[in-house]
4 protein chains.
Amino acid sequence: MGEMRVPDQKIIEGPAGYVLEDVPHLTDYIPDLPTFPNPLQDNPAYSVVKQYFVNQDDTVPQKIVVQKTSPRGTHFRRAGPRQRVYFESEDVHACIVTCGGLCPGLNTVIREIGGYKGFYARNTIPLTPKAVNDIHKRGGTVLGTSRGGHDTIKIVDSIEDRGINQVYIIGGDGTQKGASAIFQEVRRRGLQVAVVGIPKTIDNDIAVIDKSFGFDTAVEEAQRAINAAHVEAESAENGIGMVKLMGRYSGFIAMYATLASRDVDCCLIPESPFYLEGNGGLLEYIEKRIKENGHIVIVVAEGAGQELVAESMKQAEHDASGNKLLYDVGLWLSQKIKDHFTRKQNLVINLKYIDPTYMIRAIPSIASDNVYCTLLAHSAIHGAMAGYTGFTVGLVNGRHTYIPFYRVTESRNKVVITDRMWARLLSSTNQPSFLCSKVVEEAKTANGTPLKVN
Amino acid sequence: MGEMRVPDQKIIEGPAGYVLEDVPHLTDYIPDLPTFPNPLQDNPAYSVVKQYFVNQDDTVPQKIVVQKTSPRGTHFRRAGPRQRVYFESEDVHACIVTCGGLCPGLNTVIREIGGYKGFYARNTIPLTPKAVNDIHKRGGTVLGTSRGGHDTIKIVDSIEDRGINQVYIIGGDGTQKGASAIFQEVRRRGLQVAVVGIPKTIDNDIAVIDKSFGFDTAVEEAQRAINAAHVEAESAENGIGMVKLMGRYSGFIAMYATLASRDVDCCLIPESPFYLEGNGGLLEYIEKRIKENGHIVIVVAEGAGQELVAESMKQAEHDASGNKLLYDVGLWLSQKIKDHFTRKQNLVINLKYIDPTYMIRAIPSIASDNVYCTLLAHSAIHGAMAGYTGFTVGLVNGRHTYIPFYRVTESRNKVVITDRMWARLLSSTNQPSFLCSKVVEEAKTANGTPLKVN
Amino acid sequence: MGEMRVPDQKIIEGPAGYVLEDVPHLTDYIPDLPTFPNPLQDNPAYSVVKQYFVNQDDTVPQKIVVQKTSPRGTHFRRAGPRQRVYFESEDVHACIVTCGGLCPGLNTVIREIGGYKGFYARNTIPLTPKAVNDIHKRGGTVLGTSRGGHDTIKIVDSIEDRGINQVYIIGGDGTQKGASAIFQEVRRRGLQVAVVGIPKTIDNDIAVIDKSFGFDTAVEEAQRAINAAHVEAESAENGIGMVKLMGRYSGFIAMYATLASRDVDCCLIPESPFYLEGNGGLLEYIEKRIKENGHIVIVVAEGAGQELVAESMKQAEHDASGNKLLYDVGLWLSQKIKDHFTRKQNLVINLKYIDPTYMIRAIPSIASDNVYCTLLAHSAIHGAMAGYTGFTVGLVNGRHTYIPFYRVTESRNKVVITDRMWARLLSSTNQPSFLCSKVVEEAKTANGTPLKVN
Amino acid sequence: MGEMRVPDQKIIEGPAGYVLEDVPHLTDYIPDLPTFPNPLQDNPAYSVVKQYFVNQDDTVPQKIVVQKTSPRGTHFRRAGPRQRVYFESEDVHACIVTCGGLCPGLNTVIREIGGYKGFYARNTIPLTPKAVNDIHKRGGTVLGTSRGGHDTIKIVDSIEDRGINQVYIIGGDGTQKGASAIFQEVRRRGLQVAVVGIPKTIDNDIAVIDKSFGFDTAVEEAQRAINAAHVEAESAENGIGMVKLMGRYSGFIAMYATLASRDVDCCLIPESPFYLEGNGGLLEYIEKRIKENGHIVIVVAEGAGQELVAESMKQAEHDASGNKLLYDVGLWLSQKIKDHFTRKQNLVINLKYIDPTYMIRAIPSIASDNVYCTLLAHSAIHGAMAGYTGFTVGLVNGRHTYIPFYRVTESRNKVVITDRMWARLLSSTNQPSFLCSKVVEEAKTANGTPLKVN
């Protein structure tokens, strides 16, 4: 029941082990801020909605597989409109920033923030409702996006100079860390500026949240490449179809695309180490499958087998964002397989390698992602209007919530290879686990966060 | 902590208001059944999976928007494989039944039950893994489907005669009621037969569960029809594009398709009554929109405005399944609108009516539905093997659970028109609420179950 | 070798039976018009193109299946840019008109005429290159379209008043007749106005030309409906899937969609009469197919069986364009089939009727239609600039040509049911010919124009 | 009027310059072969078809842009069924061979040859009508395909051993040469074996014929990659989207995809040399476009700029089929562009490279290609049954014809860069011609064969 505050943490406890990891609020550092009635209540669309405003105390538990006497555990604040807001409509000056790679749904998020029907804000940004009317049907982002470092001080200077009081930052892991730094600086200066993060990662590797937007679209589109690889492999003598999918550190796209397709014989992801040569190795498995079925389809996440590639290369580079520049595992693996079977005279293989990455990133989002992006954007706006700041908006167990920045940046969501989902994949592909006993032990003691499906 | 049993109910209580609405188990009426180790543990795919078997006591709460001191409320038993099973692999004789209309994903469910890699069951049904290998890429159902009544006694006779001990019944509301009756009869006879329901309704109107399979696919495909209606309406002078979508009693497809598309100016659903003539009526709104924008796009769920249609017709019929045969509201409404504007000399309209129902039902499921169907089928099998019976498998707050039949059949999921989701739709289309004060009051006191998004 | 002129005809003869059916030219009635060098020759894109300008005497034969001693027969003037033009770039004032129903590719044609890079014309119409830049990716028409009569005198008055000197008229049969009347009036007044028709008919029923634009797109999209009908039919007991496709007077879309799909068991078109009852009738065939295969897929062109429908209805109406308003044969036939099998107690059928018309019309054109529309528009512009008028642009044996209006309006292209293409269809579906001997005789003596494939 | 025979040529002349380049016939080397009535005449589908059988003397001219006094020129024999055939249905033993890369439509051709409803042949090959029923909906080839040399003697031995009397060979340039060798050997041995080539090349580079099957499908699918490249380029700062398309020696896919898309700023094909550095070079153009528009989309055919790549590499390899192994111009060009702009500090570019080759090759054919493949297969069968041999079946000016092998193998169809189609492309992209005066002169004197559109 007590309240404790560690740096950046805002913990509220309750009975039966209830813990609320709350997000910052403008009134934490600016006392006596005036509030205003939520303008939504005057909107005809909402006139009959009794359940419209969120109860101030609504929260959502993080862990919902429970037993009769489980402690209630961590909760997050529920997203949604509040009865009173901390900005008057005519005073809202919002800006939207998108960073990093393309992701299906970006334009839908932008559309909704920018074109939120003028309910809350009027004439604040060039993204008028009319201007953004159709952008959700296009892939990409109308705002443009860039990689590279940023200077927190300069950014906050610019926010002050331009009189912006709501900042929406759409981006991945690194971007959310940047957003956190901006929030800290804003708070240090005591500005009435809400800083809101909207997590974007086509890889679905952001911690805590159920699923990142664009993920279902990416898995859907990945099916096209897998189908093509399957057709190419089946049509050729000893055909090998290889598809590289996104996933630098997490193999979710590869895993779900494999499970959805059922044409894949082997799925390689960063979380599950593998080896090429020898007993139980990948090359042996490929040879076995080809002899049995005449062909094999392999899906490889871009971050899979990096230690093998690195060993081959003995060198390291970095790209502009500070991410380790990954060697192209697809090209590397294709070459290794070709070399291997060239040496073995008895098997002339036909390998076809497909890298659909940019074709996947650039498509418009499917309908379910469209609706998801719409709700995500609305949740972000509702939070900022209600005075919350320094938070990421995210889906937790199917409910939109406000999550402190540190929770989504402190770790990365990964496929847990000792969990049932990966077991399902293994049983669907019949591929070996490639695991020597040492790796298994490590995996068993790792504390990864499983994706929340079953 | 006490245990109470009312007919067909199996309630387990715990501290802080914890309630488990449990499902029946074979041992409820057949004591001393032998158990066997789960054969999955010998499967290589599962050899490294430490989190594979579900804890016997795992449950999932139904209500997860909670406050610090909320009672814990109703829980359902978590789905998944158990350490011990009540059927030996070689003794499993399963059958699968599909009833009612087509729904994207049906073949994926069938594939997974029928082709579950022989882990649990061998040689039981003609749906061998090989036979069902590719069916998930096709729309429809390889089993065929039919409407019409059934005779519980005869069905259970047949189950006994054919030595079937696991029955999987895929179908909607009425089918789940039938499954419940079959379960009762099976229990009355004391048979060791697991009866499992898998809810199927493209309308997404099954109570308790988050979302029914095929729903996302249906909303996705509905976009094509809406796009076409939009193009037709925009290209003609005073163009009206009308699309009828599925939804006899619930307007979820219409609502989500409208939210995803953003091209719709008016969405009519069964839950929200409307009227044609006079002030605030539909015809007035159509005229206003056409004068402002030159065109209008209308989405109408098949069950919308039935009382208006019925009044026009003054007659009633029923189809073979006992469902009220709905008059085609799309054709009826098209005629009404044409008649109205023909009488008004000042506005020559061009109405284009699209009914994409069968094109939507018949497509293969999208990737996310494919994965969903796969997990749903696995959950069903795990439950039956573990001796549970008389249950429906369903997603609750993103987790697969076992739900007693009576909970999914006692009510129907509906769009709550006093909830935020419908308010979002109204603000997106700008359509009037068509509600006179009386209707609003009724709606406000109705206790519908909102779909669990945000 | 002589030259003869009958009203509206302009015939040029040559050796070996060569006949050129030429199109009018502005100089036919305005002597001494000045000419100018074609501005294309100064364009950098064309600087290396030696084969760019069309030889004045180039023509294309209509009949190209020939024998050693065949007369050379009718030719049309080849389309393309000429060395000298009759309009100066800065004096071109063009207008574009679209009439009738939507057709995939309309926006591509408009784009190309309107945005022809300013080569020939500058600042003449609001359709600047920039404005039309992306419209070819959308279905429909950005210009809007309307049905209904027109007053030639008023139109030519308006052309004069607004100083327009190039008129591009996109539309079907009736529209081309209207264009012809406009041309006659323009010539009567002695105006230097080029009147150019661009044939548009999704039904592909315009005489002389190989194929109308949008036809391939329509056949492509029709596959979706046929697939859905096939899935619905296969999944139900005694399933009947029926798809109505466009084709008021000609069954080309139905025939090609049937040939491309191979899932169709019966294709009904306006050109091939059929009957329902009795020996060799449609109902008997349906029953036979269902008994053999369990299901049947029927494609019916909208104009098929009109005499049967009319007999049922005993009434007649006309729509605004003067086309006979067709009764909906799909709905009518569905009802007849249901009635028939309801009476027959031994066969409970499941009929699913799909009308994808507006979904087909409204989609963007496929790539091959896009290129076709581009060339069609260019040919039209080249012809007008070169002083030709009173013509339709059209593809004849794969070559773009200028065809006199009267040739494309005097008859309608129809499926010749005594030709090999229809025989291929019959052998692909195995449907009966439904022909009594009388009909066969009539068909054999009819002089229809077969579509030019093989 | 006379008849002349040079090796492998069979020329028949007529009045007014008429020349028929005829194909071989079994009776050329096996006199007194018996004939039989065509079994098609007993088929009910054909019973009312009066125009069914092709007149023995029907031919099709190669050149149809003619002038009043043009000589009639080269003709080919029209394809189609003849009144009498040289094989009895029950004696037909056919085999089908597919060689080389995948091409959309392959399965449709196989389906039609293999499943030609048993009209001509019964029980001859395992490709029964039932077995091939659905294969046209799949990409790839059910027969498998392989590259590499072949031994004519062994092949003809095998044909003899297995009693095959009709050989259908589907493949490109090299394969048709192989087919020609097989025909020569078959004739040398005096066998009653018809050898028929069906040209397959996704690149559309086979001489004489209008268009190869699968080409329209390839251009259609290429749009997806171009769209993605456009979105990626537009969304990034100084974005460069590069798409590599098929086309080893001919740039038809690249050219048509560019014309259909209209999003491409630069199209590079093998026929049009280009250079990187300096005034008027590619790098200068890229910089100019990016400065003007912020982004650029480049399409490059796989065979473009090979001399530049080779110069970079100073090495040469060959793949198994004897084709020069092309360096990947897409990867090479991407690197060159990155290197260039890395050196220039003032422009940080974002290049996204897409290679959709295998995704294009593997898709099922679109409807128009499906119909085309159907007719192509029928023409092949009709020809073999009628005793013709040593020919390729092909579309000439929209008509199916029989063409002597030497005519389709003696040269390759190429984009003529001094022709109007390429000029249209240049004017659509606004790219420079990259041509120095020397190249222009060479191009002007080259005698390429333009594709027959307009």
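Please refer to the structure placed before this passage.
Owing to the predicted nature of the structure, the values given are computational and were not obtained by experimental measurement.

Rules used throughout
Residues numbered from 1 in each chain as written. Chains lettered and ligands numbered in written order. Predicted model: local features only at pLDDT ≥ 70, side-chain atom pairs only at ≥ 80, totals over all residues. Heavy atoms only, no water. Least-squares fit on C-alpha atoms with pLDDT ≥ 70 in both. Phe/Tyr/Trp six-rings, centres within 6.5 Å; stacked < 30°, edge-to-face > 60°. Helix = DSSP H or I, 4+ residues; strand = E, 2+ residues; numbered from the N terminus. Pairing = 2+ DSSP bridges. Axes fitted to C-alpha atoms, helices over the stretch in contact; angles between N-to-C directions. Contact = heavy atoms within 4.5 Å. Salt bridge = Lys/Arg side-chain N within 4 Å of Asp/Glu carboxyl O. Polar contact = N/O pair within 3.5 Å; in protein donor to acceptor, adjacent residues only side chain to side chain. Nonpolar A, V, L, I, M, F, W, Y, C, P; charged D, E, K, R; others polar.

Draft legend 1. How the structure looks around the relation of the copies chain B and chain A. Expressed as a screw transformation, the operator carrying chain B onto chain A has a rotation angle of 180 degrees and an axial translation of 0.0 Å, and the superposed copies differ by an RMSD of 0.0 Å. Interpreted geometrically, this transformation is the action of a two-fold axis. Closest to the rotation axis within chain B is the C-alpha of N397(B), separated from it by 2.8 Å.

Draft legend 2. Spatial organisation of the packing of aromatic side chains. All names here are of chain B. For the coordinates displayed, the defined rule picks out 16 aromatic pairs over all chains. A ring pair is formed by Y388 and Y402, whose centres lie 5.8 Å apart and whose planes are at 40 degrees; its orientation type is tilted. Residue Y388 is located in the loop between helix 11 (367-385) and strand 15 (391-396), and its partner Y402 is located in strand 16 (residues 399-404); the two are separated by 14 residues in the primary sequence.

Draft legend 3. The sheet that holds strand 13 (residues 295-301) of chain A, seen in detail. All names here are of chain A. With respect to topology, four strands assemble into an open sheet ordered 12-13-11-14, the strand pairing being parallel. Both edges of this open sheet fall to strand 12 (266-268) and strand 14 (350-354), since each of them pairs with a single strand only. Taking each pair of neighbouring strands and ignoring which way they run, the sheet shows an average axis angle of 15 degrees. Where strand 12 lies against strand 13, three bridges are found, and the strand directions are parallel.

Draft legend 4. Structural view of the interface of chain B and chain A. The interface of chain B with chain A comprises 86 residues on the first partner and 86 residues on the second. Inspection of the region where chain B meets chain A yields two salt bridges. One salt bridge connects R262(A) with E112(B), and the closest N-O pair in it is separated by 3.0 Å. Along the contact surface separating chain B from chain A lie 14 residue pairs in polar contact (both at pLDDT 80 or more). Of the residues forming the side of chain B that touches chain A, the biggest block, eight residues, is contributed by helix 11 of chain B. Among the residues forming the side of chain B that touches chain A, the class breakdown is 36 nonpolar, 28 polar and 22 charged.

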